[in-house]
Amino acid sequence: MDHWNDAFWRSDQPGAMQVVNMESVGDYSCHLPSSDEYSHTSCYQGAVPSYAVQASGVEDVQAAIRFANHYNLRLTIKSTGHDSMGRSTAPFSLNIWMHYLKGVEFHDSFRPEGCSADVETSAAVTAEAGVQWFEIYEKADLGNRTVVGGMSGSVSAPGGFLQGGGHSPLSPFRGLAADNVLELKVVTPDGNMKVANPCQHTDLFWALRGGGGGTYGVVMSATFATFPALQNPVGVRLLATANTNSSFQSLLARFVELQASLSDAGFWAGYSYISFNSIGASYLLPYISSGVDPKTAAESAFEPLKNFIDAHEDELSLGIRYDTFQSFRAWRNFQYNCDEGDKSTCTDSTGRYLAIASRLLPKDLLKDDADAVAEAFMQILSDGVDQIIGHLVAGRAVSRNKGYDNAVNPAWRKALWHVIVISRWTSEEACAATETSRRSVVTEANGLLRSLTPGSGCYLNEADYNEPDWQFSFFGTNYDRLQAIKQQVDPHGLFHCRNCVESMPLQSQVSCGTWI
């Protein structure tokens, strides 16, 4: 039990998922109670794959694909198991486990394979399928480079994170992870290795950057653009509280407006954690114009919120601090209170039971109708959602969709705030009825957010398991093209998963985990 919530330990186990209920089918699972008194707990295979191939190279992946094709086996792909819908596992499946493919190579001048000299070169890093963002950040920092990757260091770089779009605290400055991919090497369902980039296999290259993981093949490696190291990035941490519900709703409205004003002020990114009468948040300003004092810029950006709270000091309180850092990695490690001698402290705690839903909120909504958003948040919290997490990871560079010729959901290009709602439960409560109930809570909350954002969508990697009209919500107007590419690349449907492009229908969830 010592490592149960350690995301790196979980990624080291072939059958472990980061969201524990994704290991279950109905009441058939292996639920370990919070206490050590679990000697009489029944333990079942659940959704954990029956067999796994530990891939050590492309030949292993090709052999597994050909074996699954020949014997008509259910095939799944896992690197670290972060997918919140359990797409990297399935009952009775053969799993291709990519975790120990750990090669990393930095390039001073990278030109995609097969491209002519007319195609410009750029600084880049190539990461094999099992490489995690913590490892890339460590190496990039030593070389004075930055890479657009996930906040969570235990997530693999080339896996479902990237293939679903990949948001980052650097996204407002440099775009989504999928916007910064230069080349992908992938084994397709026919068992052949393909190099996909702007010069060859261009449809596959387009689809793999936003069209979802576990769908078009097994990505062996991804090459990302790198950028110069950040110079004295600014970090802000705050905790705002209210002593009544009515004052908290007013605070929420001003906090919602703050997201839009931060985007107007610069390349701000950040994460906010909202529960009843409390908002905790952490922000990054990665770039400041020459001659501007970093602390002054930060204080100016948060002044509207501070002034509002000061004017209502009898009901509201604010703690806030401003810091400058030597690098992006230093800022990120500070957020986790990271002990670099123990990497488990440098990422999110996982190994929990949870249900989530999400929505991409456009900037105009936050700026012009913040009161409606605040009212919806209050209703969502009242209805039993445990926490709302706001991700200020869009706008600015993400909105500059010209030049981003990829399959990322077009809703990202109009969004500013990626908002997640979360419902949690304990191992003692883990059963089919509990999960069904908690999923209904987040689905109802999702309905409120959808009503505020007609025509928008959500982030497919952090979405409602029961998302209605998921084809449009996940992929927008890109779905038809993605479907056509899927039919061409995988005509027999070897790769299929929950709410993935052209996947065969799966039964609705009725239980503690994935599909039956």
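Residues numbered from 1 in each chain as written. Predicted model: local features only at pLDDT ≥ 70, side-chain atom pairs only at ≥ 80, totals over all residues. Heavy atoms only, no water.

The name an unreviewed UniProt entry gives the protein is FAD-binding PCMH-type domain-containing protein, with Ceratopteris richardii as the organism. Recorded in UniProt for the protein, the comment headed Sequence similarities (unreviewed entry) runs: "Belongs to the oxygen-dependent FAD-linked oxidoreductase family." (UniProt positions renumbered as here; feature names shortened; annotations may be inferred.)

Assigned secondary structure in the protein consists of 14 helices and 17 strands. At 22 Å, the protein has a C-alpha radius of gyration in line with the 24 Å of a compact globule built from 516 residues. Expressed as a percentage of the 516 residues in the protein, the buried residues total 59%. Carbon and sulfur atoms make up 47% of the accessible area of the protein, which totals about 20,200 Å². Put simply, the protein has 37 plus and 56 minus side-chain charges, and the middle of one group is 5 Å from the middle of the other. (Helix = DSSP H or I, 4+ residues; strand = E, 2+ residues; numbered from the N terminus. Rg over C-alpha atoms; globule rule 2.2 N^0.38 Å. Buried < 20%, exposed > 50% of the residue type's maximum accessible area, 1.4 Å probe, protein only. Areas by Shrake-Rupley, 256 points an atom, 1.4 Å probe, with all protein chains shown as cover. Lys, Arg positive; Asp, Glu negative; His and termini not counted. Charge placed at Lys NZ, Arg CZ, Asp CG, Glu CD.)

With that settled, consider the state of the cysteines. Tallied over the entire structure, the rule returns three disulfides. A sulfur-sulfur separation of 1.9 Å characterises the disulfide bridge that pairs Cys115 with Cys199. On the sign convention where negative is left-handed, the bridge of Cys115 and Cys199, at about 110° about the S-S bond, is right-handed. Placement of Cys115 in the loop between β4 (104-110) and β5 (122-128) and of Cys199 in the loop between β8 (193-196) and α6 (202-208) is noted, with a sequence separation of 84 residues between them. Cys199 gets classed as partly exposed once you look at its relative accessible area, which sits at 34%. Paired by a disulfide, Cys338 and Cys346 hold their sulfur atoms 1.7 Å apart. Because the sign of the S-S torsion sets the handedness, a value of about 70° for the bond joining Cys338 and Cys346 places this disulfide among the right-handed ones. According to the relative accessible area criterion, Cys338 is buried, its value standing at 17%. Cysteine Cys458 shares no disulfide, and the gap to the nearest cysteine sulfur, in Cys500, comes to 13 Å. (Disulfide = S-S within 2.5 Å.)

The sites that UniProt annotates as "domain: FAD-binding PCMH-type" (unreviewed entry) are residues 45-229. Secondary structure content for residues 45-229 is 21% helix and 26% strand, and the end C-alpha separation is 46 Å.

Once that is clear, we can look at the packing of helix α7 (residues 245-265) against helix α11 (residues 370-382). At a closest axis distance of 8 Å, the pairing of α7 and α11 adopts a crossing angle of 130°. Taken together, the axes of α7 and α11 are oblique relative to one another. α7 and α11 meet at a crossing whose hand is right-handed. In this structure, α7 uses Asn245, Phe248, Gln249, Leu252, Ala253, Arg254, Val256 and Glu257 to contact α11, whose residues at the interface are Ala370, Asp371, Val373, Ala374, Glu375, Phe377, Met378 and Leu381. Considering only residue class, the contact of α7 with α11 consists of ten nonpolar, two polar and four charged. (Axes fitted to C-alpha atoms, helices over the stretch in contact; angles between N-to-C directions. Parallel < 35°, antiparallel > 145°, perpendicular 65-115°, else oblique. Left-handed = near helix turned anticlockwise from the far one by under 90°. Contact = heavy atoms within 4.5 Å. Nonpolar A, V, L, I, M, F, W, Y, C, P; charged D, E, K, R; others polar.)

Okay, the sheet that holds strand β2 (residues 75-78) next. Paired through backbone hydrogen bonds, the strands of a sheet run either parallel or antiparallel to each other. Reading across the sheet, the three strands line up as β1-β3-β2 and stay open at both edges, with parallel pairing between neighbours. On the outer flanks of this sheet lie β1 (51-54) and β2, each paired with one strand and no other. Looking at each pair of strands side by side, their axes are set apart by 25° on average, direction ignored. In this fold helix α2 (residues 58-71) packs onto β1, β2 and β3 (94-97), with an angle of close to 165° to the strand it touches most, β3. (Pairing = 2+ DSSP bridges.)

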